[in-house]
There are 2 protein chains.
Amino acid sequence: MAGGVQHRQAEAGQRYDVFHTDCPARDVVDHVTSRWGIWVLISLRSNDLRFYELRESIQGISEKMLAQTLRALVHDGLVWREVEPTTPPQVTYGLTEFGRDVGEPLTELFDRITRRLSPRSAG
Amino acid sequence: MAGGVQHRQAEAGQRYDVFHTDCPARDVVDHVTSRWGIWVLISLRSNDLRFYELRESIQGISEKMLAQTLRALVHDGLVWREVEPTTPPQVTYGLTEFGRDVGEPLTELFDRITRRLSPRSAG
DNA sequence: CCATGAGCTTACCTAAAGGTATGTCCTTAC
DNA sequence: GTAAGGACATACCTTTAGGTAAGCTCATGG
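The shown structure was predicted, so the numbers you read here are calculated from the model rather than taken from an experiment.

> Summarise the packing of helix α2 (residues 37–46) of chain A against helix α4 (residues 63–76) of chain A; cite the residues concerned and give the values.
All names here are of chain A. Running from amino to carboxyl end, α2 crosses α4 at an angle of 70°, the nearest separation of the two axes being 10 Å. The pairing of α2 with α4 is recorded here as roughly perpendicular in orientation. On α4, the residues touching G37, V40 and L41 of α2 are L66, T69, L70 and L73. Class assignment of the residues belonging to the contact of α2 with α4 gives a composition of 5 nonpolar, 2 polar and no charged.

> How would you sum up the sheet that holds strand β2 (residues 79–84) of chain A? Please name residues and give values.
Residues and elements named next belong to chain A. Read from one edge of the open sheet, 3 strands run β1-β3-β2, paired in antiparallel fashion. A strand with exactly one partner marks an edge of an open sheet, and here the two such strands are β1 (49–50) and β2. Bridging between β1 and strand β3 (residues 90–95) involves 2 bridges; their strand directions are antiparallel. Across the sheet, residue L49 finds its bridge partner in β3, namely Y93. Lying over the sheet, α2 contacts β1, β2 and β3, oriented at roughly 90° with respect to β3.

> Can you lay out the protein's contact with DNA strand C for me, pointing to particular residues and giving the numbers?
Near DNA strand C there are 20 residues, and of these A:K64, B:R50, B:E63, B:R81 and B:Y93 occur at the shortest range. Taking the atoms of DNA strand C that fall within 4 Å of the protein, sugar and phosphate contribute 59% of them. Interatomic distance of 3.0 Å between a backbone N/O atom of B:Y52 and a phosphate oxygen of DNA strand C. Take B:Y93: an N or O atom from its side chain is 2.5 Å from a phosphate oxygen of DNA strand C. When contributions to the surface near DNA strand C are tallied by element, the ones reaching two or more residues are α4 of chain A together with α3 (51–57), α4 (63–76) and β3 (90–95) of chain B. A per-element tally of the surface near DNA strand C places α4(B) first, with 4 residues.

> Give a detailed account of the protein's contact with DNA strand D, specifying residues and quantitative values.
Taken together, 19 residues lie near DNA strand D, and A:E63, A:R81, A:Y93, B:R35 and B:K64 sit nearest. Taking all atoms of DNA strand D within 4 Å of the protein, the share assigned to sugar and phosphate is 55%. A distance of 3.3 Å separates a sugar or linking oxygen of DNA strand D from a polar atom in the backbone of A:P89. B:S62 has a polar side-chain atom sitting 3.2 Å from a phosphate oxygen of DNA strand D. The greatest single-element share of the surface near DNA strand D, amounting to 4 residues, is contributed by α4(A).

> Could you give me a rundown of the sheet that holds strand β1 (residues 49–50) of chain B, with the residues and numbers involved?
Residue and element names in this part refer to chain B. What the 3 strands build is an open sheet, ordered β1-β3-β2; its pairing is antiparallel. The sheet is open, and its two edges are formed by β1 and β2 (79–84), each paired on a single side. Packed on one face of the sheet, helix α2 (residues 37–46) meets β1, β2 and β3 and runs near 90° to β3. The sheet strands contacting α4 are β2 and β3, and the helix crosses β2 at an angle near 115°.

> Tell me about α4(B), and please be specific about residues and values.
All names here are of chain B. For α4, spanning 14 residues, the distance from its first C-alpha to its last is 20 Å, which sits close to the expected 20 Å at 1.5 Å a residue. For α4, the full list of buried residues reads L66, T69, L70, A72, L73 and D76. Across the axial projection of α4, the buried residues extend over an arc of 160°, all falling on one side. Facing away from the buried side of α4 by more than 90 degrees, the exposed set consists of K64, R71 and H75. Lining the buried residues of α4 we find α1 (24–32), α2, α3, β2, β3 and α5 (97–117). One or two positions beyond α4, positive phi appears at G77, with a value near 85°.

Parameters and conventions
- Residues numbered from 1 in each chain as written.
- Chains lettered and ligands numbered in written order.
- Predicted model: local features only at pLDDT ≥ 70, side-chain atom pairs only at ≥ 80, totals over all residues.
- Heavy atoms only, no water.
- Axes fitted to C-alpha atoms, helices over the stretch in contact; angles between N-to-C directions.
- Helix = DSSP H or I, 4+ residues; strand = E, 2+ residues; numbered from the N terminus.
- Parallel < 35°, antiparallel > 145°, perpendicular 65-115°, else oblique.
- Contact = heavy atoms within 4.5 Å.
- Nonpolar A, V, L, I, M, F, W, Y, C, P; charged D, E, K, R; others polar.
- Pairing = 2+ DSSP bridges.
- Near = heavy atom within 4 Å.
- Polar contact = N/O pair within 3.5 Å; in protein donor to acceptor, adjacent residues only side chain to side chain.
- Expected span 1.5 Å × (residues − 1).
- Buried < 20%, exposed > 50% of the residue type's maximum accessible area, 1.4 Å probe, protein only.
- Arc of directions from axis to C-beta.

Written out as C-alpha cells, the structure reads:
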C-alpha cells in the first residue's frame, strides 16, 4: 500500500516490483481475487446475468457485497452494466473483452484446483 | 439461456455449487487468491527460495504473514518445504507439481492484467 | 557471555471486510 | 392503500485479516 512503498529493485535479479506498488494493476488483482470477485467473473463467463440472477447463482453472497463487487469490476473495465429504464429497473451484467481475457485463466485456475481435489483428497 | 439459473437449480446442476460449499477446493482457492498467497506462488515459479529471500522478494509482507501463508500452501500441497538442520536452520521452499499447475494460470492472470493496464511494466 | 542470525511463534491491537436489516424509488396489481 | 418487485444505498455491528513487536532456539564469533 501507499505506506511502506520502498522500491528496492536492485540488480539482484528480476523481482516482481508490482507486488507492493500502487499501480492500478494491484487494485484490479485485488478485486479479481477478492472473496466474491472470483465467482462473479466465473459466473458471467457462461452468460450475461441480471442482478438477481447473480445473487441467486452465487449463494451466500449478500446484496451489499454483490453490488460492491460489481461496482468495482465495472469500474475496472472487466464487467459492463446495462440498465433498462423500466419500473422496476432491470440491470444486466456481462464480461467485457478484458473481463473475458481475465476470466479465462481464472476459470482455469479454479478448474485445476477442483480437478486435483475432487477425485480424491490429495496429500 | 440467461435466466435459467434461479429456479432450475434442482434439475440442472449447472450452477457452480462450489461457491459456498465446504469442500477443500474452496479453502485452496482462498489460500491461492489470498493477499499474499498469489505473490508467494508467483515468486516461487522462477526458482526455489529461502524464507528470507521470499520475505525480501515480496516487499511489504511481514514474517508472520509469510509464515502463515507458506504453512497454508504447504498444507494444501502446493508448496514443499525443506529444512537443513544447520544452525541457524535454513529452510527452502519450492512449488510442487500441483503448485506449478496452479501457478501457471495465476501468473497468466496477473500478466494479462498488467499487460492491459501498463504499457510499460511487468518485465 | 553476550550479540547475531534464520525461521519461526505468540500476544496484542487496529483497520477493514463483510453480514444483517432496513430504507428508497416508481409503478402495476389487488 | 398497500404489497410486491428489482436494484441498489446506508447504518450498524461482528468477525477476521493483518501489522507490530517481542521471544525462542542454538551454535558461532568477538
